[in-house]
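Per-entry structural report
Chain by chain, the residues run as shown.
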Amino acid sequence: MTTVTFIGLGVMGYPMAGHLANAGLTVRVWNRSAQKSRQWAKEYAGTACQTIAEAVNGADFVLTCVGADKDLIAVYEGEDGILAHARSGAILVDHTTASAGVAERLAESSRKVGMGFIDAPVSGGQQGAQNGQLTIMCGGTESDYAKAQPLLQHYAKALNLMGPAGSGQKTKMVNQIAIAGLVQGLSEALHFAEQANLDVRKVVDVISKGAAQSWQMENRSGTMIDGEFDHGFAVDWMRKDLGICLDEARKNNASLPVTALVDQFYGDVQEMGGKRWDTSSLIQRLRKFR
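Positions within a chain are numbered from 1, following the residues in the order the chain's sequence is written. Totals for whole chains, interfaces and linings use all residues, but because this is a predicted model, local features are given only for residues with pLDDT of at least 70 and pairs of side-chain atoms are given and counted only at 80 or more. Remark: hydrogens and water are excluded; side-chain values derive from all non-hydrogen atoms of the structure.

1. A look at the pairing of strand β4 (residues 61-64)
The criterion, for reference: Note on classification: 1.4 Å probe, protein chains only; a residue is buried when its accessible area is under 20% of the maximum for its type, exposed when over 50%, partly exposed between these limits. Each helix is a run of H or I in the DSSP string that is no shorter than four residues. Each strand is a run of E no shorter than two, and both are numbered from the N terminus. When DSSP finds at least two bridges between two strands, those strands are taken to pair.
Side-chain alternation along β4 places Phe61 and Leu63 on one buried face and Val62 and Thr64 on a second face that is also buried. Two elements, strand β1 (residues 3-7) and β4, share four bridges in a ladder whose sense is parallel. Among the inter-strand pairings, Phe6 is bridged to a residue of β4, identified as Leu63. Relative to strand β5 (residues 91-94), β4 runs parallel, the two sharing four bridges.

2. Some details on helix α6 (residues 100-112)
The condition is simple: Here the expected length of a helix is defined as 1.5 Å per residue gap, with one fewer gap than residues. Contacts: residue pairs with any heavy atoms within 4.5 Å of one another.
The first and last C-alpha atoms of α6 sit 19 Å apart over 13 residues, in line with the 18 Å expected at 1.5 Å per residue. Residues of α6 that are buried include every one of Ala100, Val102, Ala103, Leu106, Ala107, Ser109 and Ser110, and no others. Residues of α6 that are buried sit in contact with α4 (69-77), α5 (82-85), β5, β6 (116-119), α9 (167-195) and α12 (235-252). Two residues or fewer past α6, Gly114 is found with a positive phi of approximately 80°.

3. Regarding helix α8 (residues 142-152)
Definition in use: For this quantity, the arc is that covered by the directions from the helix axis to the C-beta atoms.
For α8, the set of buried residues is Asp144, Tyr145, Ala148, Leu151 and Leu152. Considered in projection along α8, the buried side chains sweep an arc of 115° and stay on one side of the axis.

4. A closer look at the nonpolar core
Quick note on the threshold: The term nonpolar core refers to a set of buried residues drawn from Ala, Val, Leu, Ile, Met, Phe, Trp, Tyr and Cys, joined through side-chain atoms within 4.5 Å.
Of all hydrophobic cores here, the largest spans 33 residues; its most connected members are Phe6, Leu20, Trp40, Leu63, Ile136, Leu152 and Tyr155. At the level of secondary structure, the elements contributing two or more residues to this core comprise β1, α1 (13-22), β2 (26-30), β4, β5, β8 (134-139), α8 and β9 (156-163). Counting 23 residues, the second largest nonpolar core, distinct from the first, contains Leu83, Ala107, Met115 and Phe117.

5. Things to note about the packing of α6 against α9
Test applied: In this analysis an axis means a line fitted to C-alpha atoms, helices contributing only their contacting stretch, and an angle means the value between N-to-C directions, from 0 to 180 degrees. Angle categories are assigned with fixed cut-offs, so that under 35 degrees is roughly parallel, over 145 is roughly antiparallel, 65 to 115 is roughly perpendicular, and the rest are oblique. Note on convention: the crossing is left-handed when the near helix lies turned anticlockwise from the far helix by less than a right angle, right-handed when the turn is clockwise. Gly counts as polar in this scheme, as do all residues outside two lists: the nonpolar Ala, Val, Leu, Ile, Met, Phe, Trp, Tyr, Cys and Pro, and the charged Asp, Glu, Lys and Arg.
Their axes nearest at 8 Å, the elements α6 and α9 cross at an angle of 165°. Classed by the angle they form, the pair α6 and α9 counts as roughly antiparallel. Between α6 and α9 lies a crossing of right-handed hand. Counted together, Ala100, Ala103 and Glu104 of α6 and Gln169, Lys170 and Met173 of α9 form the full contact between these two elements. Residues of the contact of α6 with α9, tallied by class, amount to three nonpolar, one polar and two charged.

In structure tokens:
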């Protein structure tokens, strides 16, 4: 039976690992907070491990979903890390949203010890993870992707190999750039409707039938109107992601004026106390500064 290790049980990793357990796979988990691992093991048929070394020993696949580049380097390259203790031939899949550079580094480090590596950041948020409806953008070799694809389909709505190592992360950057502009545009539109004393819900109902329609409008306009911002990806994490986008843009000479501006706007939201609000909270900035 296929043995899978999942490292990182945050709002995304916790349900993703659960889908693998529900599929009948042998799943081991490790989380920096051991309490979270024990909680997961009570809810699903799997094993909570005390160390990364214990979790990855003999595993066929090792999946990670942690915070940022520094966390990845620690769990992969640390003395107790994945590369030191996973078996030769294991396929390593990273779902963290991180830099393309760290993905390329880990792919090379994995290759040197006989392991495959795929950078596979996801989009779809906590709801997508819980429902097994994530979009997964992969970077790596075709052979490693072919081995991992059946596993990832347990929680994927869309799944594609975008190119060599780092390509998944670069594709995720494209995703975040697009979202930043969309959310700011929607925020401005709703704010304008409010200031014009229109029935904002009626406005959304009308314009959502035409070219202005988007996932953000469909899923977030109502909560934005109500001033509710606990429905998804936090502002702190979005700023981390946009920082990665802007760093990569400096390397490849891409021009991202709107993304840079929206990143500053999210900084304003953080200063307003909205670090853990979801990304649709950009509208609160407009309401405050009108």
